[in-house]
Amino acid sequence: MAEPYVRKLSTILLDAVTDKDPLVQEQVCGALCALGDAQPAEALRACEEYLWQHEKLAHPYRTMILRAMETVVSGHISELDKDVARAVIFLASSEMTRAKELVCDWQQAASNVLVAVGKRFIGKVMEEVLSKFQPGALPHYYVVQTLANLAASNVFGMVPFLTSILSTMLPMLGMAKHDTMRVAFCCALQRFSESTLEYLANLDQAPDPTVRKDTFASDIFSAYDVLFNHWMQSREAKLRLAVVEALGPMSHLLPSEKLEEQLPKLLPGVVALYRKHAEAFHVSKSLGQILEAAVGVGSRTLEAQLDLLLAALHAQICVPVESSSPLVVSNQKEVLRCFTVLACCAPDRLLAFLLPKLDASNERTRVGTLQVLRHVINSAAPQMEVKKPFILSSMRLPLLDTNTKVKRAVVQVISAMAHHGYLEQPGGEAMVEYIVQQCALPPESEPRKLAPDSEDLPEDGVRAISISTLYLVSTTVDRMSDVLWPYLLEFLTPTRFTGALTPLCRSLVHLAQKKQEVGADAFLIQYDGNVSLPSPYAITTRLLTVSSHPYLGDGRGAASLRLLNVLHRNIHPLLGQRWATTIPLLLEHLDEHTEETLSQKEWEEKLLAFLRDTLTVVSDNTWTCQLSLEMSKQLPCYNGIAQEKNFLYKCIGTTLGAASSKEVVRKQLQELLETARHQEEAEREGLACCFGICAISHLDDVLAQLEDFMRSDVFRKSTGIFNIFKDRNENEVEKLKGTLILCYGHVAARAPRELVLAKVESDILRNIFQYFSTKVLGIKVETKDPALKLCLVQSVCMASQAICSSAQANSFHFSRKAELVAQMMEFIKAEPPDSLRTPIRKKAMLACTYMASLEPALEEHVQADLIHSCLHSVLPVLPEPEGEDDHQESLYLDTMRALEGLLTGLLRRNMTPQGLQIMVEHLSPWIKSPRGHERVRALSLSACLLRYFLEHLHVSALVPFHNLGLLIGLFSPRCADLWPATRQEAVSCVYALLYLQLGYEGFSRDYRDDVAERLLTLKEGLVHPDSAILFHTCNSIAQIIAKRLPPEQLISLLLTMFEGLGDPDRNCSRAATVMVNCLLKERGNMLQEKHCGRLTRGPAAPLRGLCPEAETRPHKDLDVDTRSSSNHNGRRRDTTQMPVD
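The sections below set out a description of the structure shown in this document. (Residues numbered from 1 in each chain as written. Predicted model: local features only at pLDDT ≥ 70, side-chain atom pairs only at ≥ 80, totals over all residues. Heavy atoms only, no water.)

**Focus on helix α27 (residues 536-546)**
A large share of α27 lies buried, amounting to 10 of its 11 residues. Among the residues of α27, P536, A538, I539, T540, T541, R542, L543, L544, T545 and V546 are the ones counted as buried. Of the surrounding secondary structure, the elements contacted by the buried residues of α27 are α25 (501-518), α28 (552-566), α29 (568-571), α31 (600-618), α32 (621-634) and α33 (642-658). (Buried < 20%, exposed > 50% of the residue type's maximum accessible area, 1.4 Å probe, protein only. Helix = DSSP H or I, 4+ residues; strand = E, 2+ residues; numbered from the N terminus. Contact = heavy atoms within 4.5 Å.)

Spelled out as structure tokens, the structure:
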């Protein structure tokens, strides 16, 4: 880029800097910087010349140009030659001092240019600046400021000048009367001292390694005298802070004897500033520097000040930290730095001050003290080494504090202790246990939103930091391996540590792998010297049980399985190879799912299969029996955790099933029955599952044990004649009976089918009913307890299902079938017809569904009564308000599905048009019900039955579907029902009926008829509330029926439709009128030829009753005149697929 072009472009840009738009100004400055990146020297020259040529340019614009120059200089200082540097220095110096008064932005920008150039051309910059820093006259404020900044930015370049600068500056201090100028001198002295200290700390890199601290001591002390004895007494807070900031680094340059002499006044003077300034950061920083200087010279007077210092610093550390105030956070860091200095020089005095404060009940005092303790443990480790027992013992009360912030501080102290060997001392285990306790805290479901100035910490914050601490200590602090392994295993089984299982397992996996790397012997757990460690059986039981709900507790299922895998040698020596294959598959399954997508039933089956496989690999009866005993022992640990306890019961059943000792099996089953909490529904279910799973291998023993228990004293104590009248005992007996009944049901469901059939009536069902009804003085008394009823229904359902799923079900004669069905019907009838609160009727209908398929067949009147009872029990149930109770909605849907299953099961035994007709006759009153919810349910059931009939239709010969007209006549007027859902279901019924007719005519099941398929497209029109559209759709439906209805069915259809003209639902009666009218138009010609007499007599009476004026004139909307379209009948008739009469 040519130089004249750069100059010209720069001038254009510089002229544009005066634009009034701030955005344009910003873009111009950006362009100048970009131009400077390409041609730094030319751009700087252009800016320099422009500012000289435009001396009247306002200072805001001059400021922008100077800032652009600073950016260019900073980025390209190495490319500038001396001439450009000299020109820029002279310009910046002139701009900085042109105005005597302070114009901060402009003068600061010029000062920054000088500082930027001074990083390379320090001599030239100092030559220019010192020309304006002459003895006998106060310099410009920004001359002093520039000297201070130069000292900070170019240490090695500036320190050689400091001797002359200080000698010139000292007389000026007395001349400075304004606080602003005094602040500038304080800032300069601070920077000069800091630069000197940095220079002396890096003498090996310094240009003049002969420089000594003594060189500056006299001048610095003279300045110190002015600052401390005069300026620090000022009322101006800004000046006091500037003084104290300067005193910190200056104290390091004072002569040793002078510092020692001044400390008794200096330290109290600085500490006193805490009371005068809210922002204490600068005071604490300076105090730390002074303390370091005092310790550096071996001060003896410091000890006398310790009480004052410790009290003041402790008060500062106890100030609550606000996250929105960075200076407060920085102040705490500086205060902790002061404590480090004191810990190194006076550890005994420090701990004597700190440790008693841990007993204070005040939260801030305790938290602050713990912060200091953690800091000195980390920063003064050598001095604290011999104090470890005292520090550990002092933690007794903080460990009991329930305050969230105290807990967090304690965890941080323990983390520091772990890194420095404290936890290896006596009492260290209590610290580890505390961390695990905090890991077990319940996580908050929704973290609280805290105000920015809030001091509260969420409980989850303590838990999170504890989890992080436990993992880091386990994985990064090598010396902790022997402390934590195998000690952490002790926390696996107690339920109070359940919330900590995931971090515990992760840490243990890491520790175990580390031990394995050392050697096999180091990894094996030595139980001889660790009696408190959980046994292999306890570990297996615990980890397997908590894995049943794998996503709880931050994924404890996967963590537990990984730990189980790594502990395989400690569990049993034969398991390593098999678990290396099976456990990764389980983990892979968890990775493929989330808590929402995982099937709980499928996952539990996988875990139980894993347990069965483990027992098979071990093949040791003693080991298996020990495992089952441990599982039973852990059952009380899960009281109140129903789902996990239920799964543990399944594990016990699986383990007992693998045991070969019948005596052990029966003994444990007896103990389970005696100790179970029969009042809890989930527990009854879990125990019953256990018995059922055990019966897979030990059917006879399980049945024998159930009978023995019934005859045992435990059972008899509660069933005596005198006790039965006591409410409490009676309730306990009912629950116990419920458990036994459920046990029999699960035994029937789980046991091998070939063995169940022989025992289902003689043993299982006989005992179920024996428990359900008792005899008092020879009179049979049945229970009123709904829970017991539900147990009975559920067990009968499982027993019936077991029979049905047997290979010999077809040949099985179920002699108690009628008795059981009658009992189920009693239960169904006893349920309130208008509400649904229990699943009794659902379970009862499911039981009847299974029993219906078994021999002998139900008598006709029994079947009719069953259907009638079920419909009257379910269809009238009032619908729940939408969105109010999801459980009720789910229960209702399940009950409706059970009713559908029952009706289709009964229909399955009579898959004929007559059988279908019987079902529809039962539903007919409900289809015409005045209550909308009953109609829609009845139509839904009808559609379901028709679909089932169609799907299972097998026509061996072409026979007529003789009741087609009757059925279509019943359903089609409902296409105009007041409820849209009912209209939709009615169309589905007509659709299914037309395809049934096609099936009876010989068409295959996959055949699709274009005319019938039009019904599906008409469904959308039925949703529309407009009556004109609705009745037009009904007319279209009637046309489709007319095209596909066999001639012999037309009369029965019309006669059924005529009955519909008197339907109490006016919409349906009008729809019937529309459909009759359409049918007569479409098929009237044929009717005139075949049934003239019946036709003229048939419709007259109904129409006359409905519309008296129809005798004198045709109805303008619903015309039933057969002559209107008789000429078109031939053209509309489909002769290709319909038999011609």
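**Focus on the packing of aromatic side chains**
Considering all chains together, one arrives at 12 aromatic pairs under this definition. With centroids separated by 4.7 Å and ring planes inclined at 25 degrees, the aromatic side chains of F1003 and Y1007 adopt a geometry described as stacked. What makes Y1007 partly exposed here is its relative accessible area of 22%. Here the aromatic cluster, defined as three or more aromatic residues joined through ring pairs, consists of F221, Y224 and F228. The residue whose ring lies beneath R1008 is Y995, and the NZ or CZ to ring-centre distance is 5.1 Å. (Phe/Tyr/Trp six-rings, centres within 6.5 Å; stacked < 30°, edge-to-face > 60°. Lys NZ or Arg CZ within 6 Å of the ring centre and 35° of its normal.)

**Side note on the pattern of salt bridges**
One pass over the structure, following the stated rule, counts 39 salt bridges. Of the charged contacts in the structure, one is a salt bridge between R766 and E707, with a shortest N-O distance of 3.6 Å. With a gap of 59 residues between them, R766 in helix α38 (residues 753-772) and E707 in helix α35 (residues 681-711) connect regions that are remote in the sequence. Judged by relative accessible area, which is 18%, E707 ranks as buried. Linked through salt bridges whose partners overlap, the residues forming this network are R666, E707, D708, R711, D763 and R766. (Salt bridge = Lys/Arg side-chain N within 4 Å of Asp/Glu carboxyl O.)

**What about the packing of helix α34 (residues 662-675) against α35?**
The N-to-C vectors of α34 and α35 enclose an angle of 90 degrees; their axes lie 9 Å apart at closest approach. When the axes of α34 and α35 are compared, the pair comes out roughly perpendicular. Where α34 abuts α35, its residues K662, V665, R666, L669, Q670, L672, L673 and E674 lie against L687, C690, F691, C694, H698, D701, V702, A704, Q705, L706, D708 and F709. Residues of the contact of α34 with α35, tallied by class, amount to 12 nonpolar, three polar and five charged. (Axes fitted to C-alpha atoms, helices over the stretch in contact; angles between N-to-C directions. Parallel < 35°, antiparallel > 145°, perpendicular 65-115°, else oblique. Nonpolar A, V, L, I, M, F, W, Y, C, P; charged D, E, K, R; others polar.)

**Concerning unusual backbone geometry**
The omega angle of the peptide bond from W485 to P486 is 0 degrees, so this bond is cis rather than trans. As for its placement among the helices and strands, P486 is situated in the loop between α24 (481-484) and α25. Note the cis peptide between E855 and P856, where omega equals 0 degrees. Mapped onto the secondary structure, P856 falls in the loop between α41 (840-852) and α42 (860-874). Phi is positive for D554, which is not a glycine, with a value near 60 degrees.

Spatial relationships are all this shows, so hold off on functional conclusions.
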